[in-house]
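Listed below are the residues making up each chain.
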Amino acid sequence: MSHRKTETSPSSCERGPSNILPEVESLGSPQGIPGGLSSRSGEKLSRTAVYARYSTELQRETSIDDQVEACKRALVRLGHSVENIRIFKDEAISGKKSATAKRAGYQDLLRAIKGGELDVIVCDQQCRLARSANEALAFFDELKAYKVRLVTADGFDSNNMTA
């Protein structure tokens with residue numbers, strides 16, 4: 001099995017901050033997305049999630065919003081609803097392996113994957129998830145094991161991997 005390598009410039013992957021403030025955000029009612037969960041307030045949650053992260057305090061806080069909007073556009077291109085998506089985020093924290101345990105939004109995302117709560121994850125770029133090749137491969141193995149699709153706003157789709 002071969003993995004497609006996505007070339008990214010340092011500036012394109014160093015867009016956003018990441019503070020340990022995870023957020024699960026609900027935006028309306030799910031349409032076009034299978035399944036659904038109920039939040040504590042009883043509203044229906046989608047099985048689609050967006051993950052956004054920015055690395056340092058020197059980056060724009062709006063980077064999270066920019067990434068989420070890019071992910072929503074990717075979902076629309078794929079024919080998915082953007083209503084009621086779950087948003088996981090980390091602000092002003094590195095994507096390096098040494099910081100992974102401190103990334104509460106990322107850890108919540110992993111728990112949702114392992115809990116069978118998600119079918120699709122969208123992020124702006126793969127580097128938002130992990131900087132280390134080993135950590136990225138471990139993340140992809142988790143996605144595969146739990147049958148979760150990964151899509152990035154810059155064009156990657158785990159359902160369309162080439163050998």
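One can find the structure itself at the top, above this paragraph.
Quantities reported herein were computed from a predicted structural model and do not represent experimental measurements.

Under the definition given, this model contains six salt bridges. Put simply, Lys89 and Glu91 hold a salt bridge, and the shortest N to O gap is 3.2 Å. Across this residue pair, the class does not change: Lys89 and Glu91 are buried. Of the charged contacts, one joins Arg149 and Asp157 as a salt bridge, the two residues approaching to 2.5 Å between their closest N and O atoms. Asp157 carries the same exposure label as Arg149, and that label is buried.

What follows deals with the packing of helix 3 (residues 104-114) against helix 4 (residues 133-145). With their axes 10 Å apart at the nearest point, helix 3 and helix 4 run at an angle of 30 degrees to one another. By the angle class used here, helix 3 and helix 4 are roughly parallel. Together, Tyr106, Leu109, Leu110, Ile113 and Lys114 of helix 3 and Glu135, Phe139, Glu142 and Leu143 of helix 4 make up the contact between the two elements. Its residues assigned to classes, the contact of helix 3 with helix 4 comprises six nonpolar, no polar and three charged.

A few words on the nonpolar core. Ranked by internal contacts, the top residues of the largest apolar core, which has 20 residues, are Leu109, Ile113, Ile121, Leu129, Phe139, Leu143 and Leu150. Contributing elements (two or more residues each) for this core: strand 3 (48-53), helix 3, strand 5 (120-123) and helix 4. Considering every element that reaches this core, the biggest residue donor is helix 3, with five residues. When near neighbours in sequence (up to four residues on either side) are disregarded, Leu143 contacts Ile113, Ile121, Val148 and Leu150. If you look at the next biggest cluster of nonpolar residues, it comprises 15 residues, including Val50, Ala70, Ile85 and Val151.

Backbone hydrogen bonds hold the strands of a sheet together, and the pairing may be parallel or antiparallel. Taken in spatial order, the four strands of this open sheet run 4-3-5-6, and their pairing is parallel. In the strand order of this sheet, the two ends are held by strand 4 (86-90) and strand 6 (149-152), each with one partner. Averaged over all pairs of adjacent strands, the angle between strand axes in this sheet comes to 20 degrees, irrespective of strand direction. Here strand 5 runs beside strand 6; their pairing, made up of four bridges, is parallel. Directly across from Cys123, in strand 6, lies its bridge partner Thr152. Seen against the sheet, helix 2 (residues 62-77) touches strand 3, strand 4 and strand 5 and runs at an angle of roughly 145 degrees to strand 3. Each of strand 3, strand 4 and strand 5 touches helix 3; the most contacted strand, strand 4, lies at about 140 degrees to it.

A separate point is the pairing of strand 6. Neither face of strand 6 is exposed, since Arg149 and Val151 on one face and Leu150 and Thr152 on the opposite face are all buried. What joins strand 5 to strand 6 is helix 4, and the crossover it makes is right-handed.

This next bit is on the packing of aromatic side chains. Both the distance between ring centres and the angle between the ring planes are used here to describe each pair of aromatic rings. Counting across every chain of the model gives three aromatic pairs. Ring geometry for Tyr51 against Tyr106: centres 6.0 Å apart, planes inclined by 70 degrees, an arrangement best described as edge-to-face. Of this pair, Tyr51 sits in strand 3 while Tyr106 sits in helix 3, and the two are 55 residues apart along the sequence. The buried category is assigned to Tyr106, whose relative accessible area is 2%. Taken together through their ring pairs, the aromatic side chains of Tyr51, Tyr106 and Phe139 make up a single cluster. A cation sits over an aromatic face here: Arg103 above Tyr106, 4.1 Å from the ring centre.

About the thresholds
Residues numbered from 1 in each chain as written. Predicted model: local features only at pLDDT ≥ 70, side-chain atom pairs only at ≥ 80, totals over all residues. Heavy atoms only, no water. Salt bridge = Lys/Arg side-chain N within 4 Å of Asp/Glu carboxyl O. Buried < 20%, exposed > 50% of the residue type's maximum accessible area, 1.4 Å probe, protein only. Axes fitted to C-alpha atoms, helices over the stretch in contact; angles between N-to-C directions. Helix = DSSP H or I, 4+ residues; strand = E, 2+ residues; numbered from the N terminus. Parallel < 35°, antiparallel > 145°, perpendicular 65-115°, else oblique. Contact = heavy atoms within 4.5 Å. Nonpolar A, V, L, I, M, F, W, Y, C, P; charged D, E, K, R; others polar. Core = buried A, V, L, I, M, F, W, Y, C linked by side-chain atoms within 4.5 Å. Pairing = 2+ DSSP bridges. Right-handed = clockwise from strand over helix to strand, strands pointing away. Phe/Tyr/Trp six-rings, centres within 6.5 Å; stacked < 30°, edge-to-face > 60°. Lys NZ or Arg CZ within 6 Å of the ring centre and 35° of its normal.

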